[in-house]
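Residues per chain are reported as follows:
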Amino acid sequence: MIFDSILCYDLTMHYDLILKNGTIVTPKESLKADIAVKNGKIVQTGSLENSCSADDIYDAAGMYILPGIIDAHVHFRDPGLTEKEDFETGSIAAAFGGITTIADMPNTVPVTSNLLRFNEKTCIAKEKSCVDFALFALLPNESAEIETLKRAGALGFKVFLGTSTGDIAPPSQSVLFEQMKVCAKAGIRIGFHAETSELNSYFTSLCVKKTGSLGQLLSEARPVFSEALAVQTAICYAQYSGAKIHIHHVTSLDGVKLIAEAKQKGINVTAETCPHYLLLNAENCAHKVYPPIRGEEHRKALWKAIDERIIDMIASDHAPHTKKEKELPVWEAPAGLCGTETFVPLILNEVNRGTLSLNDFVRLTSETPAKIWGIYPRKGNLLSGADADFTVVDMNRKEKIDINELHSKSKNSPYDGTEIKGKPIATIVRGKFIMKDGILPANKGFVNLISPEL
Ligand SMILES: [Zn+2]
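Residues numbered from 1 in each chain as written. Predicted model: local features only at pLDDT ≥ 70, side-chain atom pairs only at ≥ 80, totals over all residues.

Draft legend 1. Structural view of the domain arrangement of the chain. Each assigned domain of the chain is listed here: domain 1 (14-65 + 386-436) and domain 2 (69-372). For domain 1 versus domain 2, the separation of C-alpha centres amounts to 26 Å. Between domain 1 and domain 2, the residue contacts involve 31 residues of the former and 43 residues of the latter. Put simply, the parts of the chain that give the side of domain 1 that touches domain 2 at least two residues each are strand 14 (390-400), strand 15 (419-429) and strand 16 (432-436). When residues in the side of domain 1 that touches domain 2 are grouped by element, the largest group, seven residues, is from strand 15. Residues of the side of domain 1 that touches domain 2, tallied by class, amount to 14 nonpolar, 10 polar and seven charged. (Domains from an automatic or database assignment. Contact = placed C-beta atoms within 7 Å. Helix = DSSP H or I, 4+ residues; strand = E, 2+ residues; numbered from the N terminus. Nonpolar A, V, L, I, M, F, W, Y, C, P; charged D, E, K, R; others polar.)

Written out as structure tokens, the structure is:
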């Protein structure tokens, strides 16, 4: 990447914000540089003359400045399930977690499946959110709706091959195929929740009668077989319809192998995993999520897949529920965990442990999600002209996660007491601080729906 070496060659220029003395991080390099912001955009990146002026100058000495982190898989439960979360609390949690843009899933009440509902959710998010947001729509049954939702700004379409919160049934095979052909023409990507409903019901009915390690039973109840079959199905549809697809929350070696084969064949498939599949295993963790946390061999395989670029990105799959719901007997309780606030610190901790580089981290959580979902180069980089979204991190900050201090409405997290090193200390969306040193300035009402270019 080539940055301007000298900033402020126009000495009369007055900026809105200058970030000084930090180390900027891209997927390829880390270097000392200053960044100047005007009207919500990055104007210049390089070495700043002392005579430059700005309304606000932020000294980032000793800190790393990352392009704004994108959490491209959250469930903010708004509208309809706001006892669990809403756009205000969810986005505040995201801001404290160093996230500048979130992408919300359509399994709310009502489901985001047509233009009216899409526009309603956009209005809610604009009013309540403090981070930029993108919205997925459920893949509609009517072909005309695909173009309409694309024009309204949908980030992509979601298909639940396996049911999750909201119990949305998978589309029929013929509808799925026809709609994927329309998406192929429209150039819009389809994300799959890749599990197989009937197999999940069958294996769960067997597991509820068994005793043993709960983590392992939860994994057996929605087995790797269920994921593998759904991944294979999604890939097969992509191959014959020509549509671009994305596999959300991959959990297993078996899923990884199928995705690797498809990529080799030239099928346009991208893949995501989540911190809980990378950090926890079924042997030690019995937190209920869909798809479930797997055994250690799968956890290791996911890191290898990240290293080999078979898995392209990481997102939180933030899925809050009320305390009362999570306290139900395990087979009745809903699945999901709160992840948007802990996502960045947990993976930064892995950077400090040497599992991946900070440059890899930026690729997996900012640049690649922006590219996959068609919002690059507006998001996901530090070049002139991009939105001035930054996640400023202190790689030496040590903390213990306390779930009672998380900002989400719900506190269902398996990370209580986990010690981390590396933390976001400032979150900046289009030049505005939305989190600074653990304080949330009153910046709301300026956020945008972020949509792929038409
Ligand atoms: Zn999800």
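Draft legend 2. Representation of the nonpolar core within the structure. Ile65, Val131, Phe157, Ala234, Ile247 and Ile259 are the most contacted members of the largest nonpolar core, which totals 136 residues. Sorting elements by how many residues they give to this core places helix 7 (residues 224-241) first, with eight residues. In terms of domain composition, this core takes at least three residues from each of domain 1 (14-65 + 386-436) and domain 2 (69-372). When sequence neighbours within four positions are dropped, the list of residues in contact with isoleucine 259 reads Val231, Ile247, Val250, Val269, Ala271 and Ile310. (Core = buried A, V, L, I, M, F, W, Y, C linked by C-beta atoms within 7 Å. Buried ≥ 20, exposed ≤ 12 C-beta atoms within 10 Å, placed from the backbone.)

Draft legend 3. Seen up close, the pairing of strand 2 (residues 30-38). Bridge count between strand 1 (residues 14-25) and strand 2: seven bridges; the pairing is antiparallel. The partner of isoleucine 24 across the bridge, within strand 2, is leucine 31. The loop that links strand 1 with its antiparallel partner strand 2 comprises four residues. Relative to strand 3 (residues 41-46), strand 2 is paired through five bridges, and the arrangement is antiparallel. Bridge pairing in strand 3 places alanine 36 opposite glutamine 44. (Pairing = 2+ DSSP bridges.)

Draft legend 4. Region of interest: the sheet that holds strand 7 (residues 99-104). One open sheet accounts for eight strands, arranged 6-7-8-9-10-11-12-13; its pairing is parallel. At either margin of the open sheet sits one strand with a lone partner, and together these are strand 6 (69-74) and strand 13 (313-314). Pairing of strand 12 (residues 269-273) with strand 13 involves two bridges; the strand directions are parallel. Directly across from glutamate 272, in strand 13, lies its bridge partner methionine 313. Here helix 8 (residues 253-265) sits on the sheet in contact with strand 11 (245-247) and strand 12, set at roughly 155° to strand 12. (Axes fitted to C-alpha atoms, helices over the stretch in contact; angles between N-to-C directions.)

Draft legend 5. Molecular detail of the pairing of strand 3. For strand 3, the tally of buried residues reaches five of six residues, placing the bulk of the element in the interior. Between the end of strand 2 and the start of strand 3, which pair antiparallel, lie two residues, with asparagine 39 showing a positive phi angle near 50°.

Draft legend 6. Fine view of the packing of helix 2 (residues 115-128) against helix 3 (residues 143-152). Following both chains from N to C, one finds helix 2 and helix 3 inclined at 20°, their axes separated by 10 Å at the closest point. Comparing their axes, helix 3 and helix 2 come out roughly parallel. The handedness of the crossing between helix 2 and helix 3 is right-handed. Note on element contacts: helix 3 touches helix 2 through Thr148, Leu149 and Ala152, opposite Leu115, Phe118 and Asn119. The residue inventory of the contact of helix 2 with helix 3, partitioned by class, reads four nonpolar, two polar and no charged. (Parallel < 35°, antiparallel > 145°, perpendicular 65-115°, else oblique. Left-handed = near helix turned anticlockwise from the far one by under 90°.)

Draft legend 7. Molecular detail of unusual backbone geometry. Between valine 109 and proline 110 the backbone carries a cis peptide bond, its omega angle lying at 0°. Looking at the element boundaries, proline 110 is found in the loop between strand 7 and helix 2. For the peptide bond that leads from tyrosine 376 to proline 377, omega is 10°, which places it in the cis range. One can find proline 377 in the loop between helix 13 (358-372) and strand 14. Even without glycine at this site, aspartate 317 takes up a positive phi of about 50°. Note that aspartate 317 resides in the loop between strand 13 and helix 11 (323-326).

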